[in-house]
Every structure is written in C-alpha cells, then in structure tokens.
Amino acid sequence: MMWEDALQVIELDPSSHIGYQLTHAALHGLQRYDEAIDAFTIMLSKLDHAPEAKVRDLRQQYIHPSRVGDAIQRAVGTELEYAPLRLLNTSTGLLCDRAAQMSTFKTSAEYKELLSSTTKHLYLQTGRIKDVVATYFSCVLLSHRWEEMEAVLPDIQDKVVYELNGLGGIAKLQSFCKVTRDAGYRWAWMDTCCIDKRSNTEVQESVNSMFVWYRHSALTIVYLSDVPPSSKPGALARSMSAARQKLQWASKRVTTLQEDVAYSLFGIFGITLPVIYGERKQRALGRLLQEIVAQSGDISVLDWIGQPSEFNSCLPAHITSYTTPSRTLPPLSEDDIHTQVSSLRESVSTALASKMYDQLEQLSAPRFANCRLHLPCISFRVTEVRRKRGSAEYRIKADGLHDLFITTAETLVQFSRAKPVQQTFLLIRAWDRDLIWVPDFAEQPDSTDDTESIGDWSEAGSPLDDSQLYASDKFHGGSPVEGSPSIERCG
C-alpha cells in the first residue's frame, strides 16, 4: 500500500519531496536498498530546491548517503586496526586483503541497509554504525601447533579454499573455515597461510601484533591434533599475574621453529622486539627475558632451575627451566603479623628501621644494560657453613635469617664463628621494590630439626674462591646494596 501511495504522490506533484520520502521507506522495507538510496538522494535534491523556505529548512536534519559512507569507512578503519591484514572469507573461500575486505563489505546487504537507514544526523550518534561494522567484521582465529604439511599463502592465494585437494594442512584449513562459517562468522584467520612469510616486514609486524589480534578476536578455535574427538572439554583458563607464572605455563610448549618459543610470548608480555629467525632459541629467549625485566622490573624471571644460557648466565638456556613451580610460603595470620611487628619494635629502633626504609626506597629498579644485570640486593653476613656428613646438603647460618639448607654438587668452604676464615661471605637476596608498598610478611619457616645431632654436621674446611666474595654488609641482619651478584657477559 505504501508503494502505491508513494507512486500516486509523485504523479500528483513531481516536485514534492514527500513522494520520494514515501518511496524510500517502501523500498527500504522491501530490502531493495540500492533503489531506496536513489529515492532518498532524489528526496534531498527536492528539499534543496523547494520554493518554500520552510520546506528547505527540513533539509538540515537529513544527511547525504556519501557522508554516511564516510562515517562507515572510519568505523571500518577503527575496527580493522586490531585485525590481521589478510582474512579468509568463509562464504566464498577466498583470501582477502584490506581492499578486498572493504569491497566485499560495500556489496553486502549489511552495508546497503546501513547506508539506507542512516538518514538523519542524529542517527550517526547512536552507535549503530559501530555495532553493524563490528558484527560484520567479527573474526575467528585458529590456535594450533604447526604440523609437517601446512597450507601456506601461495597454496591458497587467488583460489577457493573449499575446492582445493583436502590433504594435510589443507584439510585442517577447510575444516576450520567450515566450523567458523557454521558458527555464523564471515572471516577467519590461520597463521600458516594468512601471512606472507616471504616478507620480513610482514612477519615482523604479524609476530608483534598477533597477541592483540587474538585478544580482539570474536572467537578463538583451538585445534589439538593429539586429542581424540571424544575427549571431555576442560577448563583452559589460567590466572597468571607474575612473569614467572606465565613462563611456567609456557615452559612445556614445543614449537616448529625454535625461536618461536620466545616470539610466541611477545604479546603475552606486551613486548615488541625484532624478530630474527636464525638467531637460535637461547638468544631469542634471552632477549625476551631481558626486556621483561627492563620494562616491568619483575625479577621473578630469575627464579629458574637448569642450565645457564650462553647469551647471559643470569638467564636460563631453555624455557623448560621454569617448569618447576615457584616456591610460595603461606601467609601469616593477622595475630602472627601483630606478634612479628611487636617483636621488631622491641629489637629494632625506629631510627634504624626508618633508615633502612629510606635506603630501600632509593634503590634503583633491576635492569639489563649492555647485557649486564644490575640488580639491587639485600645482603646478609654468613656466620657459619657446615656440610652434613655423607651428603651434598649444607646448613648455612646468616645474621638476620633462619638457618638455610642448601643442596649443591659444588664444594663450599666450611667455617663457623669459632673457626672463622679470612674472607667475608654474604647471602644475597634480590630486592623487589613492590615490597615497600605491599609489606611482605611471608612466614620464615624454622628449618631447625631438634632431633638432629650436631655431630652430623662437619666443621670448617678449605676456603672458598674469590668469585664468591662480596662486599660486607653495613647493618646487622641485612643491608640494601646496589649490586650485580650474577653479572655475566652475554654472547
């Protein structure tokens, strides 16, 4: 009925805008968007040339489709800022670059409907353009481990993915695209075939942006080649805050290219570094760990067990050195905290505590400079070292600390207050600046075993070599010092 009314109004008064306004509404309702846009454009022209000023004033509330197109273009640019450069169109099976993605969008019903329905300036402020664009360009990313035969960009460029011979990596790609399409998403991305690995610039940009792409994706599909389809779903979410926790989570990861053990973690740590395939994994991992310390001051990356790196002996040679969970101590109860604080008030003067606090506050953040670790520390004077007979275990006493028990294959010099040696030995603890603001009341366990005979511990032996000698502390118990207890030249 509206369509007939519109034609009748136009026939009665071809110069009136009302007939074309009704025509636009009727065609839009019939989803004939191209014709509706044409009718709306004619309506605007009629308003611009209307003889009555009151009618011409109506034009001010409307917006021309070309300006709507500009607004849509800006929204698309914002949306694709955090999307991969190339995407697979799951409807057509074709790989599309940015220009092809935009071209596909402009021929879509979603674009034409948006262009036809956004008729007034007011509509630009509703956020509908942003929502339609975000929905249209929602992208699904695949997370998987590379296998021997993976589809690469030349295999699929200018070809329909669904028509290719479905073997090896092509079959995986086809399955991924179909699952994505069936889930209602138009765009998909798979790293093996959507990055031009012949371009070092593109590889560099992709590796540094990949974590952002995954974080902004509408959905991530994980392909586990070694998990049977009948396996029950499990929770993969983990809570990771400290760098050490993230490294432990990644410690058992195996990658096809050895450097990717480090490169794949750039995004997780929010780090951008040059991608240099061929530098070998020890250097790649070393550069990553150094940058983590440099940017965050998080010294938990120094908590590792294993072989030191040839790049820098402060750091591990392999990420598997983080497999062992970091040792955490149970928190003190509120009553225990009050007891500890009260005992400190009785044994430590306020002036000395204030001086210690000021010194700790002034310590610089840990950093790597010229491949050397600069690490603020607290030192504790060692007063006794004894080895348990028949074992590699040592008991170490130090001012301000409970007894420590260390197992090592190295031979440590043994001494006591009764049988001193000429050198001064210190235990060094790396200082975490956050402890100033969040007091660390972690319980220090009493390692003394009352049932153990003192005769099980041998007396002092030969002196330790000079490489174990550090500067003497200034305070009883512990002293903040600027130092580098594990400085090594990196290769």
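Please refer to the structure placed before this passage.
J.: Tell me about the overall build of the protein chain, and please be specific about residues and values.
T.: Scanning the protein chain from N- to C-terminus turns up 18 helices and 11 strands. Residue pairs in contact within the protein chain that sit at least 24 positions apart in sequence constitute 64% of those at least 6 positions apart. Counting every atom, the protein chain has about 28,200 Å² of accessible surface; 52% of that belongs to carbon and sulfur.

J.: Summarise helix α6 (residues 98-106); cite the residues concerned and give the values.
T.: Considered for burial, the residues of α6 that qualify are Gln101, Met102 and Phe105. For α6, the arc enclosing every buried residue in end-on projection is 95°, short of the 170-degree limit, so these residues lie on one face.

J.: Please provide a residue-by-residue account of the packing of aromatic side chains, values included.
T.: Summed over all chains, the structure comprises 12 aromatic pairs. Consider the rings of phenylalanine 40 and tyrosine 62, whose centres lie 6.0 Å apart with planes at 75°: the pair is edge-to-face. In this pair, phenylalanine 40 sits in helix α3 (residues 33-48) while tyrosine 62 sits in the loop between α4 (53-57) and α5 (65-80), placing the two residues 22 residues apart along the sequence. Ring plane angle 75° and centroid distance 5.2 Å describe the contact between phenylalanine 105 and tyrosine 111, whose orientation is recorded as edge-to-face. Summarising the burial analysis for this pair, phenylalanine 105 and tyrosine 111 share the class buried. Joined through ring pairs, the aromatic side chains of Phe105, Tyr111, Tyr136, Phe137 and Trp187 make up one cluster.

J.: Can you tell me about the sheet that holds strand β3 (residues 139-144), naming the residues and giving the values?
T.: With mixed pairing, the 5 strands of this open sheet are ordered in space as β2-β1-β4-β3-β5. At either margin of the open sheet sits one strand with a lone partner, and together these are β2 (95-96) and β5 (219-223). Pairing between strand β1 (residues 87-89) and β2: 2 bridges, direction antiparallel. Note that in β2 the partner of leucine 87 across the bridge is cysteine 96. Running over the sheet, helix α12 (residues 200-216) touches β3, β4 (187-189) and β5 and is turned about 120° from β3.

J.: Describe the pairing of strand β7 (residues 372-387), and please don't skip the residues or the numbers.
T.: The buried fraction of β7 is high, at 12 of 16 residues. Note that strand β6 (residues 367-369) and β7 share 3 bridges and pair antiparallel. Bridge pairing in β7 links alanine 369 to arginine 372. Count of turn residues in the β6/β7 antiparallel hairpin: 2 residues, of which asparagine 370 carries a positive phi of about 55°. Bridging between β7 and strand β10 (residues 426-430) involves 5 bridges; their strand directions are antiparallel. The partner of serine 379 across the bridge, within β10, is isoleucine 428.

J.: Could you give an account of the side chain of aspartate 260, naming the residues involved and the relevant values?
T.: Examined against the element boundaries, aspartate 260 turns out to sit in helix α14 (residues 260-263). Buried charged residue aspartate 260 carries no salt bridge. Nearest counter-charge: arginine 253, at 7.8 Å. Once residues lying within four places of it in the same chain are set aside, the contact partners of aspartate 260 are Thr255 and Tyr277.

J.: Outline α3, listing residues and values.
T.: Compared with the 22 Å implied by 1.5 Å per residue over 16 residues, the 23 Å span of α3 between its first and last C-alpha is a close match. Those residues of α3 that fall on the buried side of the exposure criterion are Tyr33, Ala36, Ile37, Ala39, Phe40, Met43, Leu44 and Leu47. Down the axis, α3 shows its buried residues gathered within 160° of arc, on one side only. In this fold, the buried residues of α3 make contact with α2 (17-29), α4, α5 and α7 (109-117).

J.: Account for the environment of leucine 426, with residues named and values stated.
T.: If you trace the backbone, leucine 426 turns up in strand β10. The sequence separation of leucine 426 and isoleucine 378 amounts to 48 residues, and the corresponding C-alpha distance is 9.5 Å.

J.: So what about unusual backbone geometry? Which residues, and what values?
T.: At aspartate 158, a position not held by glycine, the phi torsion is positive, near 60°. On the secondary structure map, aspartate 158 appears in the loop between α9 (153-156) and α10 (168-182). The backbone phi angle of arginine 280 is positive, close to 80°, even though this residue is not glycine. Relative to the helices and strands, arginine 280 is located in the loop between α14 and α15 (281-296).

J.: Just give me the short version of the pattern of salt bridges, but keep the residues and values in it.
T.: Taken as a whole, this structure holds 16 salt bridges when the rule is applied. A salt bridge links arginine 198 to aspartate 196; its shortest N-O distance comes to 2.8 Å. A relative accessible area of 14% places aspartate 196 in the buried class. Lysine 397 is the partner of aspartate 403 in a salt bridge, and the nearest nitrogen-oxygen pair spans 2.8 Å. For lysine 397, a relative accessible area of 26% gives the class partly exposed.

J.: So what's going on with the packing of α7 against helix α8 (residues 128-136)? Which residues, and what values?
T.: Describing two packed helices takes the angle between their axes plus the distance from one axis to the other. The N-to-C vectors of α7 and α8 enclose an angle of 175°; their axes lie 11 Å apart at closest approach. Here α8 runs roughly antiparallel to α7, going by the angle between their axes. The segment α7 lies against α8, with Glu110, Glu113, Leu114 and Ser117 engaging Arg128, Ile129, Val132 and Tyr136. In terms of residue class, the contact of α7 with α8 is built from 4 nonpolar, 1 polar and 3 charged.

Criteria and cut-off values
Residues numbered from 1 in each chain as written. Predicted model: local features only at pLDDT ≥ 70, side-chain atom pairs only at ≥ 80, totals over all residues. Heavy atoms only, no water. Helix = DSSP H or I, 4+ residues; strand = E, 2+ residues; numbered from the N terminus. Contact = heavy atoms within 4.5 Å. Areas by Shrake-Rupley, 256 points an atom, 1.4 Å probe, with all protein chains shown as cover. Buried < 20%, exposed > 50% of the residue type's maximum accessible area, 1.4 Å probe, protein only. Arc of directions from axis to C-beta. Phe/Tyr/Trp six-rings, centres within 6.5 Å; stacked < 30°, edge-to-face > 60°. Pairing = 2+ DSSP bridges. Axes fitted to C-alpha atoms, helices over the stretch in contact; angles between N-to-C directions. Lys, Arg positive; Asp, Glu negative; His and termini not counted. Salt bridge = Lys/Arg side-chain N within 4 Å of Asp/Glu carboxyl O. Expected span 1.5 Å × (residues − 1). Parallel < 35°, antiparallel > 145°, perpendicular 65-115°, else oblique. Nonpolar A, V, L, I, M, F, W, Y, C, P; charged D, E, K, R; others polar.

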